[in-house]
Amino acid sequence: MLDINGLSVHYGDTRVLSDISLRIDQAQIVCVLGPSGSGKSTLLRTIAGLETPTTGTVSWDGSDMTKTPVHKRRFGLMFQDHALFAHRDVIGNVSFGLRMLGHSQDVVESRARTALDRVGLSGFEQRHVHELSGGEQQRVALARSIAPEPRLLMLDEPFGSLDRELRERLVGELHDVLRSVGIATLFVTHDQDEAFALADKVVLLRDGTVEQQGTPQEVWLHPETEAAAHFLGFSTFVDATVDNDVIKFPWGSQPFSGPRPTHPIRVAWRPDGLHFNPEGLIIGVVSASTFRRDHFLVSVTTIHGTMSIRSGEPLAAGTAVQITPDMGAALILPA
Amino acid sequence: MNLRMYISTFATALLAMSCSNGMTNSKSVTLVTHDSFAISAPVLKAFERESGIDVRVLKGGDAGEVLNQAILTKGAPLGDVLFGVDNTFLARALDANIFVPHKALGLDDVSPALRIDPTHHATPIDWGDVCINTDITWFAKRGIDPPKNLADLLDPRFRGLLVVENPATSSPGLAFLLATIASSDKHGWQNYWKRLRDNDVLVVDGWEQAYNTEFSGSAGKGSRPLVVSYATSPAAEVMFADPPITVAPTGNIDTTCFRQIEMAGILKGAKHPKEARALIDFLVSEQFQKDVPTSMFVYPARSNTPLPEAFEQFAPPPTASGSLPPSEISANRDEWIERWTEIVLR
Amino acid sequence: MDGDRVAMNFSTRVGRQVLIAIPVLFLVIFFVWPVLSILRLGLAPEGALNLAPLLDVLNDATLWSVAWFTLWQAVLSTVITLVIALPGAYVLSRYRFRGRGLTRALVTVPFVLPTVVVGAAFTSLGVSRSLTAILLAHVFFNYAIVVRTVGSLWSHIDDREQQAARVLGAGRVRTFVSVTLPTLRPAIGAATAIVFLFCFTSFGVILILGGPGYATIETEIYRQTAQHLNLETAAVLSLFQLGAVIAALAVSNRMSGDRIALSTLRPANQNTLPVIGKRRIMLGVNLFVIGLLIGLPLTQLVVRSFDGGLDGYRGLTRTTFGFAEPPISSVWTSLQYALIATVLAVFVGGSAAFALVRRRERAKGRLLNLLVMLPLGISAVTVGFGFLIAFDAEPFELRSSPAIIPIAHALIAIPFVVWLMVPVLTAIDPRQREAAAVLGARPSRVWREIDFPIGLRAALVAAGFAAAISLGEFGATLFIVRPDTVTLPVVIFRLLGRPGQEMYSQAMAASTLLMFLTAGSVLAIERLRSPHATVF
């Protein structure tokens, strides 16, 4: 099992990762979720040994690996753009790691075929990587990573460059493959759907620090910071104060049950936590409606700030509306 | 191909490189010479067989370069014998003191006029004349008589007909310059060249280009019917004609010639002095001398050496060639060339 | 910085030291030492530095005008060559048409033909003794350099970047200038530098096609060294030339920049374009230029070789008076030398290329780069005469060994090997090395599995070039003392040095033979590039 303790990485004077601590158990799938530039790739590269940490340790099963060279770590890393070997064919790519382990030709061959089979690419052995589609390349990269049976598999935005439909299908397939292989997996992405579909544990990374970590449900339902909330789809934020069982909003007080927060606070909603209601206390004007496949996202300008609301149909810009927040869907954050 | 093959290929190549041709005899001698040196294989083989000495030939460029290389490597010479120092370079070679003396066996049979080094550091081997060649057909077709001497070349009738070589880069070019110097008084030659230039003389850098490209009388089919070449060139035109011909298409203007005498000497510091002496003796011997005309297109130094028929017929040895003392050439060469360059090229 | 960590690990090991040591040792022994020896003799004949000749030369107006002419004709020749050859490089590397391989081989042929032969061909076409002739000949000889150096990178460039620029609204010209050119910059920089160096140090072309009225620093060094043995002036001129060459290389280094950030290189065969629509015009124009500039003189050569029917060719198998063996036997000699020179050049140059890619940014890397390129900028006569002084004692008594000829050929071929390999090696995505390391390859293994196979394919192309250079090399061969085993170009030179129709026909026949031999060797090695002839 992987243990990361107080890990910091600098590029020159720039701090890229700061005091990261993280743990991955046997057969666990951990997903690092964060916007671009948050240091996700650097984290993977540091664990792989491609970058040197300024402070902190990377250890496996209790033994410190911080000084172990890349090739001795037995970690697998699937690069964002796959980094397939252009001068080798498919089987040459997949068998590479097995050859490095010094297996006999037969073992290399059969295990590489097994790995290819696992990703559904039997029969592609002699193909050149440039003849493959994006999805096929991705699967070759995956097969190449799992073939030598690494003790930790790391995936860097594995679906980054693929179209949505293919991505959704591959996420499903990847889930099955990872479960069947049963190895510890660390996987970074900026896409929440991927993260929540695959992970046993989600780690939110922002500006090189861990913002929050927990099970997908915990993280999804209870972001602990405004930034985390923002990243996870909370789009409307309002300042408020607490008075006994009542939260006092600028537009009036609303009863609230649950753990008593300290004041002042900030309350957040996702678009589906706000509703149009002719009797709503919040008054605003529609500034735009955006089509979102199965619904519309309506931006409303109010004196409390801009609010995003989910709606069944579009509303014309300039329409006056009234809004009611759903306190059951509200997220209470310290201000 | 993998790494191991890569390295082993390299090793094999190195091995191949280190293997040189095996020599048969225990004794050997190295002859350093210019690119025009040539000898028929049977003649050389015969010498090697009879003397038990293997001959290695090293070539180092034209006559001037080879001499300069010899001067540069004085004390640690490239070989044992140097062939190819002519009378225009003799003084430089003697001043640089690169030879040890040796009076060759058979030197007495060499005509006295060619024995220009009484100290026997350099032994005369052959001689050749640089003359103006004419394209006989060209003149015949137009019903013009070809020029008869150097002065004729200034005649407007022969304007734009002559191609010469640059004396700075070509040995026949230098010889022709010397011919014009030898035939006039102290500064007369400068005036001559000014007028030659006004008569549209063409200067090229080497004999190959002058003869093969610009001259109308040879294979290159150029446009100029007069060229500075060798007295033996007409004979060569017959011997190497294709298809065979019986009359030379070119001829010499005898009065425009300058004599070049080629010599050989034993290099100071030679590793095989005894074999070197034997080689010099061989170069003066009848066998080698007979081979000289056809392999190098020059006249043998040894008197009474029979000439090939084509030579007798189309290239009889010129009799009235100009010459200058080697010491005078050596002392003035650079200045003459410099002056010539200013007059003709700038 | 990302890719270098994997590389760095290896670079601390013995392997990298060996990679650097091979070219450094070879060049120091066979180039730097001889050149320094002869310069020392010129500048410090009595052991102490004598600056008087330096001042004399600096005050000589004639030499200044020679220097000025050398510079501007080189710049002009380079510009014209680039303008004409860049479109050719594009067409020959990207368009898919029948006879492409043959055309590519054809344009390489001039590069290796002896100047005497080319001079004869040009002259019989009516082009001679003028600045125009010099410029035309420089384009004729150097076209291949641009096509090879730039084309080899161009054929692997992913079009998507250009397409992106087009989509973003950039016009064709704008796309070329702002996207394609920067990507090609390392290769163009390299090609510019080589072409400039070749024109700057041009020798045979100036003598034969310029005529005696034109002189360059190179011809002047030859005159001063070989003819006058005036080593002082020659040494000063050599230093001057050296300065200019170093400046040119520095500019080229600047132009090439550091690494190119190519995310992927595409295999050449996947990357060709069908010739349709406007491309037909593009192809037609370029083939016309190639035909006029290169095809015509070469055809002229072949035609002249048949002046006497087949007799020129028949004559090649006979031993003519004055020759030790029939001219045809020199073909075998030439091939042997070419093989050895090629292996030497690829081994030494390849090691240098691998080492350079590792440490290009560093001062030491720049020094190595300079060292490798210098043989192109130093007069052959300086090196040749340097050999005489440097190798006059055991264990280096090599002056009269046959080995000296392939060594001299290799010296000239090494820069090309480096120049052809470095752009391909620099373009390797560092992530490929990282991926290999993560998959368990130790650093030396990463090199063997990634850099080496990719480099080897580039090396095979370079080998074709090196073989061609060796086959046609004449200048250096002439200036070093050589045993009486003659190469084909030397035979041609000697045949041309004799009067008579038969000799002339034989010379033309031998030149034609050399031409086909060269084209053949280049074609053969290109075929060898990869069994599947696919990636790279």
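These numbers come from a predicted model, not from an experiment. (Residues numbered from 1 in each chain as written. Chains lettered and ligands numbered in written order. Predicted model: local features only at pLDDT ≥ 70, side-chain atom pairs only at ≥ 80, totals over all residues. Heavy atoms only, no water.)

Colleague: Tell me about the overall build of chain C, and please be specific about residues and values.
Modeller: Of the regular secondary structure elements, chain C holds 23 helices and 3 strands. The 536 residues of chain C split such that 65% are buried. A separation of at least 24 residues holds for 83% of the contacts in chain C among residues at least 6 apart in sequence. Carbon and sulfur atoms make up 65% of the accessible area of chain C, which amounts to about 18900 Å² in all. (Helix = DSSP H or I, 4+ residues; strand = E, 2+ residues; numbered from the N terminus. Buried < 20%, exposed > 50% of the residue type's maximum accessible area, 1.4 Å probe, protein only. Contact = heavy atoms within 4.5 Å. Areas by Shrake-Rupley, 256 points an atom, 1.4 Å probe, with all protein chains shown as cover.)

Colleague: Lay out the interface of chain C and chain A with the relevant residues and their values.
Modeller: Contact with chain C, which involves 29 residues of that partner, is made by 29 residues of chain A. Interface area, chain C with chain A, both sides summed: about 2600 Å², of which 60% is carbon and sulfur. At the boundary of chain C and chain A, one finds 3 salt bridges. We note a salt bridge from R99 of chain A to E449 of chain C, for which the minimum N-O separation is 2.8 Å. Counting every contact that joins chain C to chain A gives 5 residue pairs in polar contact (both at pLDDT 80 or more). Looking at the side of chain C that touches chain A, the elements with two or more residues in it are α1 (4-11), α19 (430-438) and α20 (443-472) of chain C. Of the residues that constitute the side of chain C that touches chain A, the class distribution is 16 nonpolar, 4 polar and 9 charged. (Buried area = accessible area lost by both parts, 1.4 Å probe. Salt bridge = Lys/Arg side-chain N within 4 Å of Asp/Glu carboxyl O. Polar contact = N/O pair within 3.5 Å; in protein donor to acceptor, adjacent residues only side chain to side chain. Nonpolar A, V, L, I, M, F, W, Y, C, P; charged D, E, K, R; others polar.)

Colleague: Go over the interface of chain C and chain B, please, and point to the residues and values.
Modeller: If you look at the interface, chain C gives 62 residues, while chain B gives 65 residues. For the chain C and chain B pair, buried surface summed over both sides reaches about 5700 Å², with 63% attributable to carbon and sulfur atoms. Where chain C meets chain B, there are 0 salt bridges. Here chain C and chain B share 2 residue pairs in polar contact (both at pLDDT 80 or more) between them. Residues that form the side of chain C that touches chain B fall into these classes: 34 nonpolar, 15 polar and 13 charged.

Colleague: Can you explain the pairing of strand β13 (residues 252-255) of chain A? Please cite residues and give values.
Modeller: In regular strands, side chains alternate between the two faces of the sheet. The sheet contact formed by strand β12 (residues 246-249) of chain A and β13 of chain A spans 4 bridges and is antiparallel. If you follow F249 of chain A over to β13 of chain A, its bridge partner there is G252 of chain A. (Pairing = 2+ DSSP bridges.)

Colleague: Break down the state of the cysteines for me, with residues and values.
Modeller: Working definition of a disulfide: a covalent bond connecting the sulfur atoms of two cysteines. Residues and elements named next belong to chain B. All told, the structure shown has 1 disulfide over all chains when counted by the stated rule. The residue that forms a disulfide with C131 is C257, at a sulfur-sulfur distance of 1.9 Å. On the S-S bond that ties C131 to C257, the torsion sits near 110 degrees, and the link is right-handed. Placement of C131 in strand β5 (residues 123-135) and of C257 in strand β9 (residues 250-267) is noted, with a sequence separation of 126 residues between them. (Disulfide = S-S within 2.5 Å.)

Colleague: Which residues make up the nonpolar core, and what are the values?
Modeller: In a soluble, globular protein the nonpolar side chains are often hidden away together inside. In this structure, I47, L152 and L186 of chain A, L82 and I98 of chain B together with F26 and V150 of chain C are the most contacted members of the largest nonpolar core, which totals 283 residues. Once you skip the residues sitting within four places of it in the chain, V150 of chain C turns out to touch L86, A89, I145, L184, A187, I188 and A191 of chain C. Core analysis: the next-biggest nonpolar cluster, separate from the first, contains 36 residues, F158, L161, I181 and W193 of chain B among them. (Core = buried A, V, L, I, M, F, W, Y, C linked by side-chain atoms within 4.5 Å.)

Colleague: Which residues make up the pairing of strand β11 (residues 236-243) of chain A, and what values go with them?
Modeller: Residue and element names in this part refer to chain A. Here β11 pairs with strand β14 (residues 265-269) via 5 bridges, running antiparallel. Residue pairing for β14: V238 is matched across the bridge by V267. Here β11 runs beside β12; their pairing, made up of 3 bridges, is antiparallel. When the sheet's bridge partners are listed, T241 is paired in β12 with K248. Between β11 and β12, which follow one another and run antiparallel, lie 2 residues, and N244 among them has a positive phi close to 50 degrees.

Colleague: Please set out the sheet that holds β13 of chain A residue by residue, giving values where relevant.
Modeller: Residues and elements named next belong to chain A. With antiparallel pairing, 5 strands are arranged side by side in an open sheet as β13-β12-β11-β14-β20. Each end of this open sheet is capped by a strand with a single partner; those strands are β13 and β20 (331-334). The sheet shows a mean angle of 40 degrees between the axes of neighbouring strands, direction not considered. (Axes fitted to C-alpha atoms, helices over the stretch in contact; angles between N-to-C directions.)

Colleague: Any chance you could break down the arrangement of the chains for me, citing the residues and the numbers?
Modeller: The protein chains that touch form 2 pairs of chains, and the pair with the most contacts between them is chains B and C. There is no contact between chain A and chain B; across them, the least C-alpha separation is 14 Å.

Colleague: Before we move on, could you go through the sheet that holds strand β10 (residues 209-214) of chain A and cite the residues and values that matter?
Modeller: All names here are of chain A. Taken in spatial order, the 6 strands line up as β6-β7-β8-β3-β9-β10 in an open sheet, and their pairing is mixed. Lying at the two open borders of the sheet, with one neighbouring strand each, are β6 (75-78) and β10. Direction aside, the axes of adjacent strands within the sheet are offset by 15 degrees on average. Direction of pairing for strand β7 (residues 152-156) relative to strand β8 (residues 184-189): parallel, over a ladder of 5 bridges.

Colleague: Can you explain the domain arrangement of chain A? Please cite residues and give values.
Modeller: How big an interface is tends to be reported as the loss of accessible area on association of its parts. Residue and element names in this part refer to chain A. Under the domain assignment, chain A is made up of domain 1 (2-222) and domain 2 (233-334). On a C-alpha basis, the centroid separation for the pair domain 1 and domain 2 is 39 Å. Tallying the contact residues gives 5 residues for domain 1 and 5 residues for domain 2. Between domain 1 and domain 2, roughly 350 Å² of surface is buried when both sides are summed, and carbon and sulfur atoms account for 37% of that area. Ranking the residues of domain 1 by area buried against domain 2 places R164, W220 and L221 at the top, with a combined share of 74%. On the surface where domain 1 and domain 2 come into contact, there are 0 salt bridges. Linking domain 1 to domain 2 there are 1 residue pair in polar contact (both at pLDDT 80 or more). (Domains from an automatic or database assignment.)

Colleague: Explain the domain arrangement of chain C to me, and be specific about the residues and the numbers.
Modeller: All names here are of chain C. What the domain assignment lists for chain C is domain 1 (1-50 + 307-536) and domain 2 (64-304). Domain 1 puts 59 residues into the contact, and the matching count from domain 2 is 60 residues. Carbon and sulfur atoms supply 72% of the area buried between domain 1 and domain 2, which totals about 5300 Å² over both sides. In this assembly, domain 1 and domain 2 are joined by 0 salt bridges. Along the contact surface separating domain 1 from domain 2 lie 1 residue pair in polar contact (both at pLDDT 80 or more). Elements supplying a minimum of two residues to the side of domain 1 that touches domain 2: α2 (14-43), α16 (363-373), α17 (380-390), α18 (404-426), α20, α22 (488-496) and α23 (501-528). A breakdown of the residues in the side of domain 1 that touches domain 2 according to their chemical character gives 39 nonpolar, 11 polar and 9 charged.

Colleague: Explain the packing of helix α7 (residues 131-154) of chain C against α18 of chain C to me, and be specific about the residues and the numbers.
Modeller: All names here are of chain C. At a minimum axis distance of 8 Å, the contact between α7 and α18 shows a crossing angle of 30 degrees. Taken together, the axis directions place α7 and α18 in an arrangement best described as roughly parallel. Residues I145, R148, T149 and S152 of α7 form the contact with α18, whose participating residues are F416, W419 and L420. Grouping the constituent residues of the contact of α7 with α18 by class yields 4 nonpolar, 2 polar and 1 charged. (Parallel < 35°, antiparallel > 145°, perpendicular 65-115°, else oblique.)

Colleague: So what about unusual backbone geometry? Which residues, and what values?
Modeller: The backbone of D19 of chain A shows a phi angle near 50 degrees, a positive value even though the residue is not glycine. Relative to the helices and strands, D19 of chain A is located in strand β2 (residues 14-24). Of note, the phi angle at N97 of chain B is positive, near 60 degrees, even though the residue is not glycine. Note that N97 of chain B resides in the loop between α4 (90-96) and β4 (99-100).

Colleague: Break down the pattern of salt bridges for me, with residues and values.
Modeller: Within this structure, the stated rule accounts for 27 salt bridges over all chains. Among the ionic pairs, R23 of chain A bridges to D25 of chain A, the shortest N-O distance being 3.3 Å. On the accessibility criterion, R23 of chain A (36% relative accessible area) is partly exposed. Given the relative accessible area of 29%, D25 of chain A is considered partly exposed. A cluster of three or more residues bridged by salt bridges with shared partners is formed by R88 and R99 of chain A together with R445 and E449 of chain C.

Colleague: Kindly report on the side chain of S93 of chain C, identifying the contributing residues and their values.
Modeller: With respect to the helices, strands and loops of the structure, S93 of chain C is situated in helix α4 (residues 61-94). Residue contacts for S93 of chain C: discarding those within four places in its chain leaves R100, R104, G151, W154, S155 and T272 of chain C.

Colleague: Could you give me a rundown of the packing of aromatic side chains, with the residues and numbers involved?
Modeller: Inspection of the entire model under this criterion finds 43 aromatic pairs over all chains. Centre to centre, the rings of F291 of chain A and F296 of chain A are 5.2 Å apart; their planes meet at 50 degrees, and the pair counts as tilted. Taken together, a centroid distance of 6.0 Å and an interplanar angle of 90 degrees make the contact between Y299 of chain B and F311 of chain B edge-to-face. Note that Y299 of chain B is positioned in strand β10 (residues 299-300) and F311 of chain B in helix α12 (residues 309-314), a separation of 12 residues in sequence. Among the aromatic residues, ring-to-ring pairing joins W127, F240, F297, Y299 and F311 of chain B into one connected group. (Phe/Tyr/Trp six-rings, centres within 6.5 Å; stacked < 30°, edge-to-face > 60°.)

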